Amino acid sequence: MLRSIQARLRCRSGSHAFRTIATDNPSSALVTVLEHQPDLILMEVKTPGFDGYQLCNLLCQNPLLKKTTIIIITRQKGDIISRLRARVSGASGYLVKPLSELQLMTTIFPFLTCLVGV
């Protein structure tokens, strides 16, 4: 799923050339995020060995990532409890799979335009 999102962003970025990095391993994700200090993180809630909400909270507590936008992606219906958990954990947004390109771009576009000054 995240690989297809990564491909969509590469196609859509045009001259802005957003760089994307993906990892399938939650343990190495922490190292990758700290190493690259991204502006935007798309993160699945259900990951092997980690609770996505806890990982989001952990990332948000790091001073190096205070300005990083985190969007949580889940298969769960967008009930109020899941959305609240995402907000409390520090996420800036919440998406439910399956998601369309329109949903993806509508959610992340406001954060991306801040980065490129559009």
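Below: a short report on this structure. The numbers attached to residues start from 1 for each chain and follow its sequence in the written order. Reporting in this predicted model follows two pLDDT cut-offs: at least 70 for local features of residues, and 80 or more for side-chain atom pairs to be given and counted; totals over whole chains, interfaces and linings ignore these cut-offs and use all residues. Side-chain metrics rest on all non-hydrogen atoms present in the structure, leaving aside hydrogens and water.

1. Brief notes about unusual backbone geometry
Cis geometry is found at the peptide bond from K97 to P98, where omega equals -5 degrees. Only DSSP runs of H or I covering at least 4 residues are called helices, and only runs of E covering at least 2 are called strands; the numbering of each starts at the N terminus. Along the chain, P98 turns up in the loop between strand 5 (93-96) and helix 5 (101-116). Its identity as a non-glycine residue notwithstanding, Q37 has a phi of 40 degrees, on the positive side. For Q37, the position within the fold is in the loop between helix 2 (26-36) and strand 1 (40-44).

2. Thoughts on the side chain of T74
Among the structural elements, T74 can be located in strand 4 (residues 69-74). Residue T74 is classed as buried on the basis of its relative accessible area of 3%. Here, two residues are considered to be in contact whenever any of their heavy atoms come within 4.5 Å of each other. In this structure, T74 is in contact with V45, Y94, L95, V96 and K97, ignoring residues within four places of it in sequence. Here's how the labels work: a residue is buried when its accessible area is under 20% of the maximum for its type, exposed when over 50%, partly exposed in between, all with a 1.4 Å probe on protein chains only.

3. Considering the environment of L112
Mapped onto the elements, L112 comes out in helix 5. Look at L112 and you get buried, because its relative accessible area is 9%. The spatial distance from the C-alpha of L112 to the C-alpha of D39 is 8.4 Å, given a sequence separation of 73 residues.

4. Thoughts on the pattern of salt bridges
When a carboxyl oxygen of Asp or Glu is within 4 Å of a side-chain nitrogen of Lys or Arg, the pair counts as a salt bridge. All chains considered together, the criterion is met by two salt bridges. Two residues, K97 and E44, come together in a salt bridge whose shortest N-O distance is 2.6 Å. Of the two residues, K97 is situated in the loop between strand 5 and helix 5 and E44 in strand 1; the sequence distance between them amounts to 53 residues. Each member of the pair, K97 as well as E44, is classed as buried. Of the charged contacts, one joins R85 and D51 as a salt bridge, the two residues approaching to 3.5 Å between their closest N and O atoms. With R85 in helix 4 (residues 80-89) and D51 in strand 3 (residues 50-51), the pair connects residues that are 34 residues apart, well separated along the chain. Taking the relative accessible area as the measure of exposure, D51 reaches 25% and is therefore partly exposed.

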